[in-house]
Amino acid sequence: MKLDELIITKAIVDRYFRKLTEHLDLDVAVVGGGPSGLVAAYKLAKAGKKVVIYERRLSVGGGMWGGGMLFNEIVIQEEAKQILDELEVRAFPYEVEGYYTADSVEAVSTITSKTVKAGAVIFNGISVEDVVVHDEGRIQGLVVNWTAIEMSGLHVDPLSVRCKYVIDATGHDAEVVKVVARKMPGKLLTATGNVEGEKFMSADKAEKLTIENTREVFPGLYVAGMAANATFGGPRMGPIFGGMLLSGVKVARDIVERL
Ligand code: 48F
């Protein structure tokens, strides 16, 4: 077979733009492909919903690749063992009951594969910079741009996508929530109406609060993972990931109930 560069180029352009145009009007747009965003997209896709993850970086996985301090093992507690089993990530019991470890590279790659095969689409290299709100009452979509444009500082207008719900799974920075708070101060469904900010490390409290804080923070906008704690004022937990995975499960379940 003699290969033709033009056919290679045309195949990529054709297929990419087909994927893009077929995913401009979504049930759920997930911002950030860390552990909570991946699991949320996996569960939503399993429930038959049209879901896309927009990920700023080339790779999804967020803070999970590096385990703790680049020791690429993660810890998962008993409560989250079931979701790892469902995702077919091997979890190894540690010598203290209730604690499991997993290889972080296996965890990211396996969860990503399950998510894509369940029907979620991942657009990497795209950053979410704003939201669409027509009547100041509800989020109706996202404003997106190439990360390369963001990094270069070029003045290039973004494009937008429509969706019924947005999940801010951007981690510690809670980027989407912060945009809403900046443009509509005092309107978040938090205690003060603004971003409460992440608190000190406290693993046990943080893991429980992550689940509690996974909820709607503005009409049409949910928070998951560390963004939930940053938004509602929960502590950080370090390299234990059960709360992240269970947050993804919870946000997907809550949104499915409303779709
Ligand atoms: O930070 P991240 O892994 O989020 P998470 O799911 O998990 C947190 C843990 O990794 C860890 C922890 C718990 O044990 O404390 O930190 O809450 O992943 C967030 C992803 O969102 C992307 C970012 O590149 C990362 O992959 N991201 C952030 N802002 C944007 C974004 C944005 N504006 N647009 C697109 N992607």
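The structure this text deals with has already been given above.
This one's a predicted model, so the numbers in the text were calculated from it and none came from an experiment.

### Overview of the sheet that holds strand E4 (residues 92–93)
Then, in step 1: Ordered by their spatial adjacency, three strands build an open sheet running E3-E5-E4, and the pairing between neighbours is antiparallel. Two strands bound the open sheet, and with one partner strand each, they are strand E3 (73–77) and E4.
Then, in step 2: Pairing geometry for E3 and strand E5 (residues 99–103), over five bridges, is antiparallel. Across the sheet, the residue bridging to Gln 77 is Tyr 99, located in E5.
Then, in step 3: Relative to E5, helix H4 (residues 104–117) is tilted by about 75 degrees, and along the sheet it contacts E3 and E5.

### Digging into the layout of surface pockets
Then, in step 1: Taken as a whole, the largest pocket encloses approximately 670 Å³ of empty space.
Then, in step 2: Along its surface, the largest pocket is lined by 35 residues, and Gly 62, Gly 63, Thr 170, Gly 171 and His 172 are the ones closest to its centre.
Then, in step 3: Taken together, the elements giving at least two residues each to the lining of the largest pocket come down to helix H2 (35–46), strand E2 (51–55), strand E7 (126–132) and helix H6 (175–183).
Then, in step 4: At three residues, E7 tops the list of elements feeding residues into the lining of the largest pocket.
Then, in step 5: Broken down by class, the residue content of the lining of the largest pocket amounts to 14 nonpolar, 15 polar and six charged.
Then, in step 6: Here the second largest pocket is characterised by a volume of approximately 260 Å³.
Then, in step 7: Lining the second largest pocket are 16 residues; nearest its centre among them are Leu 20, Ile 126, Val 144, Trp 146 and Leu 159.
Then, in step 8: For the lining of the second largest pocket, the elements supplying multiple residues, two or more each, are helix H1 (5–21), strand E8 (141–146) and strand E9 (159–168).
Then, in step 9: In the lining of the second largest pocket, the residues fall into 13 nonpolar, two polar and one charged.

### What about the pattern of salt bridges?
Then, in step 1: A complete count under the given rule lists 13 salt bridges for this structure.
Then, in step 2: Arg 56 is paired through a salt bridge with Glu 175; the nearest N and O atoms lie 2.8 Å apart. Remark: Glu 175 occurs in helix H6 and Arg 56 occurs in the loop between E2 and E3; sequence separation between them is 119 residues.
Then, in step 3: For Glu 175, a relative accessible area of 26% gives the class partly exposed.
Then, in step 4: Look at the salt bridges and you will find they share partners, linking Arg 56, Glu 150 and Glu 175 into a network.

### Considerations on the packing of H2 against H4
Then, in step 1: Where H2 contacts H4, the axes come no closer than 8 Å and their chain directions differ by 30 degrees. In this view, H2 runs roughly parallel relative to H4, as classed from their interaxial angle. Regarding H2 and H4, the two cross each other, and that crossing is left-handed. Packed against H2, whose contacting residues are Leu 38, Val 39, Ala 41 and Tyr 42, the element H4 presents Ile 111, Thr 112, Lys 114 and Thr 115 at the interface.

### Let's talk about the site of the ligand
Then, in step 1: The ligand sits among 27 residues. The nearest are Ser 36, Glu 55, Gly 63, Met 226 and Gly 238.
Then, in step 2: Within the contact set of the ligand, an oxygen atom lies 2.8 Å away from a backbone nitrogen or oxygen of Met 226.
Then, in step 3: Contact with the protein chains removes 93% of the 740 Å² of surface that the ligand exposes when unbound.
Then, in step 4: In a pocket analysis with a 2 Å cut-off to the grid points, the ligand is assigned to the largest pocket.
Then, in step 5: For the shell around the ligand, the secondary structure elements donating two or more residues are H2, E2 and E7.
Then, in step 6: At three residues, the largest contribution of residues to the shell around the ligand is made by E7.
Then, in step 7: Across the shell around the ligand, the residue classes tally to eleven nonpolar, twelve polar and four charged.

Scoring rules and cut-offs
- Residues numbered from 1 in each chain as written.
- Predicted model: local features only at pLDDT ≥ 70, side-chain atom pairs only at ≥ 80, totals over all residues.
- Heavy atoms only, no water.
- Pairing = 2+ DSSP bridges.
- Helix = DSSP H or I, 4+ residues; strand = E, 2+ residues; numbered from the N terminus.
- Contact = heavy atoms within 4.5 Å.
- Axes fitted to C-alpha atoms, helices over the stretch in contact; angles between N-to-C directions.
- 1 Å grid on protein atoms, 1.4 Å probe; cavity = no way out; pocket = protein on both sides within 12 Å on 5 of 7 lines; lining within 4 Å.
- Points joined across faces, edges and corners; volume = space filled by probe spheres on them.
- Nonpolar A, V, L, I, M, F, W, Y, C, P; charged D, E, K, R; others polar.
- Salt bridge = Lys/Arg side-chain N within 4 Å of Asp/Glu carboxyl O.
- Buried < 20%, exposed > 50% of the residue type's maximum accessible area, 1.4 Å probe, protein only.
- Parallel < 35°, antiparallel > 145°, perpendicular 65-115°, else oblique.
- Left-handed = near helix turned anticlockwise from the far one by under 90°.
- Near = heavy atom within 4 Å.
- Polar contact = N/O pair within 3.5 Å; in protein donor to acceptor, adjacent residues only side chain to side chain.
- Areas by Shrake-Rupley, 256 points an atom, 1.4 Å probe, with all protein chains shown as cover.
- Sits in = over half its atoms within 2 Å of the grid points.

Treat this as a map of the structure, not an account of what it does.
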